Each structure stands twice: as structure tokens, then as C-alpha cells.
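Breakdown of the fold
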Amino acid sequence: MEKILELKSIEASYGGIQALKGISLHVDKGEIVTLIGSNGAGKSTTLKSISGQVPVKNGSIFYKGNTITNIAAHKTAVLGISQVPEGRRIFPKLSVKENLLVGAFSVKDKHLIETRMKKVFEYFPRLHERVEQKGGTMSGGEQQMLAIGRALMMQPEVLMLDEPSMGLAPIIVEQIFEIIKELNREGMTILLVEQNAFQALQIANRGYVIQTGQIVLEGTGEELITNKQVQEAYLA
Ligand code: ATP
């Protein structure tokens, strides 16, 4: 298996608070890997360290064998790693179409942009119906679709999603997870951070449990879902 992403003993801090205390993990090409753990465990910070939004103090990050440690955030997107941020962060005053165009910030070829937008609309017909609507007036689920669509405009090899299910009704969460599975079936590698551990582990090939900035458990989705510790702490 080709390691598409590899983190070796990553440490990161916010001021005096050490959020990551030596995280090592890898994601193979074509996998869905999930990071689970409680609030404040360091899941988001792990994603942000990969995408260049949080400085890495110690350790290294490799993408397809090359170091990308502390690379600028816009460069990771160009290299093929897109992130769907926690809380979606769509641009509320911009239309659906404009939000998607922002996602394709580095793409100059208009035809390519159009082709990618069409593809996004195939995944999310709802976005097509609302193409001129302002992002801020859409429902939580639609905004999540838009946030994913925006990330897809870079046609990433690796898609990182930070709590896509947050605040959404179960039926919408179901739809979002279906799309994640479909993207993966079509070859996209997925790194998924979720509070909703049960659903995340159900679709994941492998997972890591993060606790106060450290990985305390790893295994296949099935191993973790049947693990007593995981069940008691995260699936109760
Ligand atoms: P959540 O689900 O709440 O986002 P998480 O597992 O993603 O949890 P992180 O957001 O990575 O956790 O936070 C890890 C630690 O870093 C926590 O102690 C948190 O309080 C701290 N932290 C996160 N962001 C900041 C920030 N911008 N400034 C200061 N401390 C932060």
C-alpha cells in the first residue's frame, strides 16, 4: 500500500498549550481513515497541521513521500490536499457559484472550472438548484454540501473533513456520509475527523483514537467499533 500521507511525531502548540504531543499516523492511498476522540483532544489541530494552518513545532509530515511540514496552506491545496473546515466556513454573502469559484482559486482554465463545477452538481443536485442563492441563507446541510463542493473544486487526492456531521439532522448526516463513501469509491483518499465515532468507524478502513494530543489506540474500523474502551468512551 502506498502511504499518501504520513505524520511522524508531530507536535504543535497554541501559546503555552501543547495541543499535539507527538502524533504519528499514516493514510494509505484509497483509504478512509478516521480520527476520533473527545472535545479538545487535538483532532482539528492534527488536520490543521497537515494543511499548514497550524505550525508544526517538531516532527515531519510527508505527502506522497515528500516533506510538506509547515508548507503554506494554499500550497497544500494545490498539491492535492483539500480541507473541509469545522463549522463549514462558507462565505455567507457569496452565492453558491461564487463559493465554488473561491474553491478553485488557483485554477486558471475556465473550461476546467466548469467541468469540475458540473461534477460537484452531480454529487449535490441541491447546489445546482440553488446556484445563485447566497451561502448564508442556506440550511446547515446545504452549507455542508457547499463546503465539501468547494473543497472538491481543487480535485484533491486527499480530502480532509473536520466534523462534517456537526449540528445536522440524522437524515442529512446519512446523505453526507453516503457522498463521502461515493467519493472514496471513485478513488479519493479520505481523512475524516468526527465526534460521531460510530458512523465514522462504520465507513472507515482504519481509525485512530486521539486523547490529549496523543494517539492511544489504532485499528481497523471494525476493531475499534468492537473495542471495549472505545465503546465505553465514545460510543456510549
Ligand atoms: P473539537 O472537536 O472541540 O474541535 P479537537 O479534538 O478537534 O476538539 P482541537 O481543536 O485540536 O481538538 O484542540 C486541541 C487543544 O488545543 C485543546 O486543548 C484546545 O483548547 C486547544 N486549542 C485549539 N485551538 C486553539 C486556539 N486557536 N487557541 C488556543 N488553544 C486552542
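A few points on the structure. Every value quoted in this text rests on a predicted model; they were computed, and no experiment measured them. (Residues numbered from 1 in each chain as written. Predicted model: local features only at pLDDT ≥ 70, side-chain atom pairs only at ≥ 80, totals over all residues. Heavy atoms only, no water.)

Observations concerning the overall build of the chain
Basically, it comes down to this: Helix numbering and strand numbering both begin at the N terminus, where a helix is a DSSP run of H or I of at least 4 residues and a strand a DSSP run of E of at least 2. Two things to know: the radius of gyration comes from C-alpha atoms, and the globule rule equals 2.2 Å times the number of residues to the power 0.38. Note on classification: 1.4 Å probe, protein chains only; a residue is buried when its accessible area is under 20% of the maximum for its type, exposed when over 50%, partly exposed between these limits. Reported accessibility uses the Shrake-Rupley method at a 1.4 Å probe radius. Residues are deemed covered only where the shown protein chains occlude them. Under this rule, positive means Lys or Arg and negative means Asp or Glu; His and the chain ends count for nothing. Charge coordinates come from a single atom per side chain, which is NZ of Lys, CZ of Arg, CG of Asp or CD of Glu.
Counting secondary structure elements, the chain contains ten helices and ten strands. Relative to the compact-globule value of 18 Å for 236 residues, the chain shows a C-alpha radius of gyration of 17 Å, a close match. Projecting the C-alpha coordinates of the chain onto the three principal axes gives extents of approximately 45 × 35 × 35 Å. Burial analysis of the chain (236 residues in total) assigns 51% to the buried set. Element-wise, carbon and sulfur atoms account for 51% of the exposed surface of the chain, whose accessible area totals about 11,100 Å². Here the chain contributes 26 positively and 25 negatively charged side chains, and the mean placements of these two sets differ by 7 Å.

Quick look at the sheet that holds strand β1 (residues 3-14)
Strand-to-strand pairing in sheets goes through backbone hydrogen bonds, with the strands running parallel or antiparallel. Stated precisely, the cut-off is as follows: Strand pairing is assigned whenever DSSP detects at least two bridges linking the two strands.
Overall, antiparallel pairing links the four strands, which are arranged β2-β1-β4-β5 in an open sheet. The strands lining the two open edges of the sheet, one partner per strand, are β2 (17-28) and β5 (66-67).

A look at the packing of helix α6 (residues 140-152) against helix α7 (residues 170-185)
Note the threshold: For helices, the fitted axis covers only the stretch in contact; all axes are lines through C-alpha atoms, and the angles between them, taken along N-to-C directions, range from 0 to 180 degrees. Angle categories are assigned with fixed cut-offs, so that under 35 degrees is roughly parallel, over 145 is roughly antiparallel, 65 to 115 is roughly perpendicular, and the rest are oblique. Helix crossings get a hand from a simple test, with the near helix turned counterclockwise from the far one by less than a right angle marking a left-handed crossing and a clockwise turn marking a right-handed one. Pairs of residues are marked as contacts when any of their non-hydrogen atoms sit within 4.5 Å.
Between α6 and α7, whose axes approach to 10 Å, the crossing angle comes to 15°. One way to sum up the angle between α6 and α7 is to call them roughly parallel. Here α6 and α7 pass one another in a crossing that is right-handed. Here Gly141, Gln144, Met145, Ile148 and Leu152 of α6 come into contact with α7, specifically with Ile172, Gln175, Ile176 and Leu183.

A look at helix α4 (residues 110-123)
Basically, it comes down to this: To estimate how far a helix should reach, multiply one less than its number of residues by 1.5 Å. N or O atoms closer than or at 3.5 Å make up a polar contact, with two conditions inside protein: a donor-capable atom paired with an acceptor-capable one, and, for residues adjacent in sequence, both atoms drawn from side chains.
With 14 residues, α4 extends 20 Å from end C-alpha to end C-alpha; this agrees with the ideal 20 Å at 1.5 Å per step. Lining the buried residues of α4 we find α3 (96-103), α5 (125-129), α6 and α7. A side-chain oxygen of the first residue of α4 lies 2.9 Å from the backbone nitrogen of histidine 111; this N-cap is aspartate 109.

A few points about the sheet that holds strand β9 (residues 206-211)
Pairing in this open sheet of six strands is mixed, and the strands run β6-β7-β8-β3-β9-β10 from one edge to the other. Unpaired on one side and paired on the other, β6 (81-84) and β10 (214-220) mark the two borders of the sheet. Pairwise comparison of adjacent strand axes, ignoring direction, gives a mean angle of 15° for this sheet. Here five bridges tie strand β3 (residues 32-36) to strand β8 (residues 189-194), and the two strands are oriented parallel to one another. Residue pairing in the sheet places isoleucine 36 in a bridge with glutamate 194 of β8.

Overview of the side chain of serine 82
Position of serine 82 relative to the elements: it lies in strand β6. With near-sequence residues (within four places) excluded, serine 82 lies in contact with Ala151, Met154, Pro156, Val158, Leu159 and Met160.

A short note on the site of the ligand
Here is the rule: We call a residue near a molecule or strand when any one of its heavy atoms sits within 4 Å of it. Gly falls in the polar group here, along with every residue not listed as nonpolar (Ala, Val, Leu, Ile, Met, Phe, Trp, Tyr, Cys, Pro) or charged (Asp, Glu, Lys, Arg).
The environment of the ligand is made up of 13 residues, and the closest members are Asn39, Gly40, Gly42, Ser44 and Thr45. Between the ligand and the protein, one listed contact pairs an oxygen atom with a side-chain N or O atom of asparagine 39 at 2.8 Å. Within the contact set of the ligand, an oxygen atom lies 3.0 Å away from a backbone nitrogen or oxygen of alanine 41. The fraction of the free accessible surface of the ligand (620 Å²) that becomes covered by protein chains is 63%. Among the elements that take part in the shell around the ligand, helix α1 (residues 43-51) stands out by supplying three residues, more than any other. Looking at side-chain class alone, the shell around the ligand contains three nonpolar, seven polar and three charged residues.

Considerations on the nonpolar core
For the record, the criterion: In these notes, a set of buried Ala, Val, Leu, Ile, Met, Phe, Trp, Tyr and Cys residues joined through side-chain atoms within 4.5 Å is what counts as a nonpolar core.
Within the largest apolar cluster, 40 residues are counted, with the highest numbers of intra-cluster contacts made by Leu127, Ile148, Leu159 and Leu183. When contributions to this core are tallied by element, the ones reaching two or more residues are α3, α4, α6, β7 (158-162), α7, β8 and α8 (197-203). Residue contacts for leucine 127: discarding those within four places in its chain leaves Val96, Val120, Phe121, Met138, Glu142, Met145 and Leu146. Counting residues in hydrophobic clusters, the runner-up holds 27 residues, among them Val56, Ile61, Ile68 and Met160.

Here we look at the pattern of salt bridges
For clarity, the threshold we go by: We define a salt bridge as a side-chain nitrogen of Lys or Arg found within 4 Å of a carboxyl oxygen belonging to Asp or Glu.
Tallying each qualifying case throughout the model produces eight salt bridges. Residues glutamate 122 and lysine 119 are paired through a salt bridge, measuring 3.9 Å at the closest nitrogen-oxygen approach. Here the residue glutamate 122 and the residue lysine 119 both occupy positions in helix α4, the gap between them amounting to three residues, near one helical turn. We classify lysine 119 as partly exposed; its relative accessible area is 38%.

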